[in-house]
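Working through the structure, step by step
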Amino acid sequence: MRRLLLLMAIAGLAACSEQAERTYTVEELVADDALLSGLITRCRNNPGELGETTNCRNAAAADGKMRLRRMRQSLGG
């Protein structure tokens, strides 16, 4: 009986634990403008907590890549 209660308690705590956020690659973010825009907004609104996360670094890299692509297109290249 104790083991069953212990097992139920562990299962309950596991169900309530916070899920880890999925990490997106630069290529995934370049391909999805809405996702990139949302991530950049979140990262800029909370740079203290999120600024050095993998997703924020990848979003910044994807944003830079997109800016260069747009500049190249506007210059006719």
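This text follows the structure it describes.
Residues numbered from 1 in each chain as written. Predicted model: local features only at pLDDT ≥ 70, side-chain atom pairs only at ≥ 80, totals over all residues. Heavy atoms only, no water.

1. Some words on a nonpolar patch on the surface
On the surface, a cluster of nonpolar side chains totalling about 480 Å² of accessible area is made up of M1, L4, L5 and M8. Within the secondary structure, L5 is located in helix α1 (residues 2-16). (Patch = residues over 30% accessible without salt bridge, like charges linked within 9 Å, V, L, I, M, F, W, Y side chains within 5 Å. Areas by Shrake-Rupley, 256 points an atom, 1.4 Å probe, with all protein chains shown as cover. Salt bridge = Lys/Arg side-chain N within 4 Å of Asp/Glu carboxyl O. Helix = DSSP H or I, 4+ residues; strand = E, 2+ residues; numbered from the N terminus.)

2. A word on the state of the cysteines
According to the stated counting rule, one finds one disulfide in the structure shown. Across a sulfur-sulfur distance of 1.8 Å, C43 and C56 are joined as a disulfide pair. Here the disulfide of C43 and C56 is left-handed, its torsion about the S-S bond being about -90°. Of this pair, C43 sits in helix α3 (residues 33-45) while C56 sits in helix α5 (residues 54-74); the two residues are 13 residues apart in sequence, bridging distant segments of the chain. For the pair formed by C43 and C56, the shared burial category is buried. (Disulfide = S-S within 2.5 Å. Buried < 20%, exposed > 50% of the residue type's maximum accessible area, 1.4 Å probe, protein only.)

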